[in-house]
Amino acid sequence: MAGQAHYTSAPPRPEGGQGGFRFTAVSAGARDTLTALRPMLVYVPPPGAPSRPGPADLAAFPVSFGYDLVEGAGVLALCRYVGQDYTGRYGNYFGQAVLASPEELVGVRPVELWGAPLWASAPVLDGRELPEVGELRTNSAVSPDRVRGLFRKTDAAGVQLLRYLLEAVLEALDGGPGVFLVAAETETVVDWLAAVSFALPAPLAAKLTFTTYTDRPRDARQHIVGTVPEAWERGAAGRGPAFLLDRLAQEDGSEHRDRVSRAPRVLARAWAEDDLDLFDTLADIWDSVPAAGAAKPGGAQPWPRPTRGRFAGSAGAPVGWDDGGPGCPASPDGGVVRLRAACALVALARGGLSHEPLGPAERRALETLLDRFAGRGELLPESVHQGLSEGPPGVDPALAARLMAVSADYRDTARALIVGDLEAGELPGGPPDPALSPLAQFVNGAVALRGTGIAPAKVRDAAAKWLLKRPAPLGDVLARLLPDGARPSPVGLTEPFRKAVLSGLLGALESSATLRRATLDTHTCELLVRFPPDPLGVPEGADPWSEAPRTAARVLNFGTGDDRVRRREAGLRLLRLYQRGLLTDVEAYDAVRDMVMPGPPPAPPPGPAGASAEESEHRGERGGFWRRGRPGAE
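The rules we used
Residues numbered from 1 in each chain as written. Predicted model: local features only at pLDDT ≥ 70, side-chain atom pairs only at ≥ 80, totals over all residues. Heavy atoms only, no water. Helix = DSSP H or I, 4+ residues; strand = E, 2+ residues; numbered from the N terminus. Buried < 20%, exposed > 50% of the residue type's maximum accessible area, 1.4 Å probe, protein only. Contact = heavy atoms within 4.5 Å. Areas by Shrake-Rupley, 256 points an atom, 1.4 Å probe, with all protein chains shown as cover. Salt bridge = Lys/Arg side-chain N within 4 Å of Asp/Glu carboxyl O. Axes fitted to C-alpha atoms, helices over the stretch in contact; angles between N-to-C directions. Parallel < 35°, antiparallel > 145°, perpendicular 65-115°, else oblique. Core = buried A, V, L, I, M, F, W, Y, C linked by side-chain atoms within 4.5 Å. pLDDT = per-residue confidence, 0-100. Nonpolar A, V, L, I, M, F, W, Y, C, P; charged D, E, K, R; others polar. Pairing = 2+ DSSP bridges.

Undergrad: So what's going on with the overall build of the protein? Which residues, and what values?
TA: Scanning the protein from terminus to terminus reveals 24 helices and ten strands. Of all 634 residues assigned to the protein, the portion counted as buried reaches 52%. Taking contacts inside the protein between residues at least 6 apart in sequence as the whole, the part at least 24 apart equals 70%. Entry remark: accessible area of the protein is about 27,900 Å², with carbon and sulfur atoms responsible for 52%.

See the structure below:
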């Protein structure tokens, strides 16, 4: 049961004390929170208001209707100017606060309680205990129909303002500055509060704090701060974006207007086109997101699809990615990230990515959302699957791979995109990350291909082409590609893709002396000697170096240290590759010569000036192996 309290200027209590502003009546559920409630129950008339208003003037005073989060509960406060107090002095007002738990706010957007039956018309002054509020019954006049009427009246200018406003509100929810709504009439502020609140999923709307009026907007800390023009002009500029609602224009922030992101545009367009089904779709996506690591259907933890009506939702639920867990990384409030991702998915399903690529942060959010739904596509609304089945444009192979794991309807279109990129030797994981080695970048892309039905040979050939374009150290990711039960393979890179990537790596090394010299340093060679590769297509027990004999020559030379026995064994191994016709005379002679010479292996000599690495390595091959009696002989 929601608690409540009344606050006004009243005579002294019968038991003694002073008169003045105080809590005159309190319910049991609010008694322990009065100190926290008091700051929300302060009202100062706007500048220029009449000092001695008559009864007809009182209706012109703005009403302060606010919502905030206090000690884990939602607090609603309504303050109205009433004129004179019990002594006849002007300046009195009546404030009422309602304290509700998250459970009591389920399915309720706080703005819906504007004008609700719970608000008293006058304070209780006799000190008796107030009853608890009970069910929070909303005002039917604050509904999507009210917002529809707003945009019928404001037309294109109103939709444009809403885009700017929603962008500012999302930034405020994400830790940015508060947003100011400036209007002469409180009802106008409520109109735009309703437009924002009904555009958001209910759980996120329950996190949106606001007040419809304060005389000191620069000191307010809510996400949305309403005020009147007289108070705004007195000085709140620079605190955050402001919207002059009476003129449907933004007072400042031209820079802000130039960077409206996808989510506000999607939401504003839904109001403009009266497409309320879009809000249902977003709510379904929002409420259906499985927690990280949750069991897939058929496992220990089922994920039933929620059935809720339009604009409903679990307002008391956490807004982070995980129920009860922290928000998405890099966002103080994961609910904003989730909404941006859901809007991106809806836009994608409706073909909205054809002319505007995803930004880096938006892409990460969408990928996180799709990863949560991987293997659980039945949780998504049918309209999303229908849109994906039509093959939305503007999707790169990495995103296509994730969509395939979510929607079977998209697989044929996605597979063609992915294969085309792989055949061109492009990364299946989308734009490369410069912070990662080329091999690590390709592994991340290959992970995204699980469950796509792509042939491992396609991945092998693409890996070779990808690495040939980018000779660089292999990095620690190589160790996780090599066969060893003591080390885990790269997360999500399952067989046979692991062998395919490793096989592509060996193929690239084998075909390029430049790549061998750039990547096969002593540390890497020692690693490959300890853990020989098991490339795709090599039978179990066969010599893996038969697929890459030139690579083997360098690896065995620089990876066996200075132990003469090991080096002789490596030399014999190379001779066997030569006998099978896998090495030329010159290659075998140079390799075996280095193996049998005493001492540690020499550093690889640089190629002669003006010669390519390939020319340097193979210079002099016209001489036969057995005719080269000593190092350097012609």
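Undergrad: Residues and numbers for the pattern of salt bridges, please.
TA: Throughout the structure, instances matching the rule amount to 22 salt bridges. Between Glu129 and Arg31 there is a salt bridge, and its shortest N-O distance comes to 3.7 Å. In this pair, Glu129 is assigned in the loop between β5 (90–100) and α3 (144–173) and Arg31 in the loop between β2 (20–26) and α1 (34–37), connecting sequence segments 98 residues apart. The partly exposed category is assigned to Arg31, whose relative accessible area is 43%. Put simply, Arg550 and Glu510 hold a salt bridge, and the shortest N to O gap is 3.6 Å.

Undergrad: Help me get a handle on the packing of α3 against helix α8 (residues 262–272), residues and values and all.
TA: For the pair α3 and α8, interaxial distance at closest approach is 8 Å and the crossing angle is 180 degrees. Here α3 lies roughly antiparallel to α8, going by the angle between them. Where α3 abuts α8, its residues Pro144, Val147, Arg148, Phe151, Val159, Leu162, Arg163, Leu166, Glu167 and Leu170 lie against Ala263, Pro264, Arg265, Leu267, Ala268, Trp271 and Ala272.

Undergrad: Give a description of the nonpolar core that names residues and reports values.
TA: Ranked by internal contacts, the top residues of the largest apolar core, which has 154 residues, are Trp192, Leu439 and Leu574. The greatest single-element share of this core, amounting to 14 residues, is contributed by α3. If we ignore the near neighbours within four places in the chain, the residues touching Leu574 are Ala552, Ala553, Leu556, Leu583, Ala591, Val592 and Met595. In terms of nonpolar packing, the next biggest core, distinct from the first, is built from 23 residues, Tyr7, Met40, Tyr81 and Ala97 among them.

Undergrad: Mind laying out the confidence of the model for the protein, listing which residues take part and the relevant values?
TA: Residue-level pLDDT values for the protein average 81, and 82% of them are 70 or greater. Below a pLDDT of 50 lies the segment residues 605–634, which in the model reaches 43 contacts outside its immediate sequence neighbourhood of four places, other chains included.

Undergrad: Report on the environment of Arg52, specifying residues and quantitative values.
TA: With respect to the secondary-structure elements, Arg52 resides in the loop between α1 and α2 (55–58). Residue class for Arg52 comes out exposed when judged on its relative accessible area of 63%. As a C-alpha pair, Arg52 and Arg89 span 37 residues in sequence and 9.1 Å in three-dimensional space.

Undergrad: Which residues make up α8, and what values go with them?
TA: Within α8, eight of the eleven residues are buried, which leaves it mostly tucked inside the rest of the structure. Turning to α8, its buried residues are Arg262, Ala263, Pro264, Val266, Leu267, Ala268, Ala270 and Trp271. Two residues or fewer after α8 comes Asp274, characterised by a positive phi angle close to 55 degrees.

Undergrad: Could you give an account of the side chain of Thr188, naming the residues involved and the relevant values?
TA: For Thr188, the location among the structural elements is in helix α4 (residues 186–199). In this structure Thr188 touches Ala183, Leu245 and Asp246, once residues within four positions along its chain are discounted.

Undergrad: Give me unusual backbone geometry: which residues, what numbers.
TA: Geometrically, the link from Glu495 to Pro496 is a cis peptide bond, its omega value of 0 degrees lying close to zero. Looking at where Pro496 falls in the secondary structure, it is placed in the loop between α17 (477–481) and α18 (497–511). Positioned with a positive phi, Asp274 is a non-glycine residue whose angle comes to about 55 degrees. With respect to the secondary-structure elements, Asp274 resides in the loop between α8 and α9 (276–288). Overall, Asp274 belongs to the partly exposed group, its relative accessible area being 42%.

Undergrad: I'd like to hear about the environment of Val108, residue by residue, with values.
TA: Within the element layout of this structure, Val108 appears in the loop between β5 and α3. Overall, Val108 belongs to the buried group, its relative accessible area being 9%. Between the C-alpha atoms of Val108 and Ala205, which are 97 residues apart in sequence, the distance is 8.8 Å.

Undergrad: Pulling in residues and values, what's your account of the packing of helix α14 (residues 411–423) against helix α16 (residues 456–468)?
TA: For any two helices packed against each other, the geometry is given by the interaxial angle and the distance between the axes. Packing of α14 against α16 leaves a shortest axis separation of 8 Å and a crossing angle of 40 degrees. The pairing of α14 with α16 is recorded here as oblique in orientation. Counted together, Val419, Leu422 and Glu423 of α14 and Lys458, Ala462 and Lys465 of α16 form the full contact between these two elements. The residue makeup of the contact of α14 with α16, split by class, is three nonpolar, no polar and three charged.

Undergrad: Any chance you could break down the pairing of β2 for me, citing the residues and the numbers?
TA: Taking burial as the measure, the seven residues of β2 include six buried ones, the bulk of the element. Bridging between strand β1 (residues 3–10) and β2 involves six bridges; their strand directions are antiparallel. Looking at β2, one finds that His6 is bridged to Ala25.

Undergrad: I'd like a description of the pairing of strand β3 (residues 64–70), backed by residues and values.
TA: Burial analysis of β3 places five of its seven residues in the buried class, which makes it a mostly covered element. As judged from the seven bridges shared by β3 and strand β4 (residues 73–84), these two strands associate in the antiparallel manner. Paired with Val70 across the bridge in β4 is Ala73. Hairpin connection, β3 to β4: the antiparallel pair is bridged by two residues, and Glu71 has positive phi, about 50 degrees. In this structure, β3 lies alongside strand β7 (residues 210–211), joined through two bridges in antiparallel fashion. Looking at β7, one finds that Tyr67 is bridged to Phe210.

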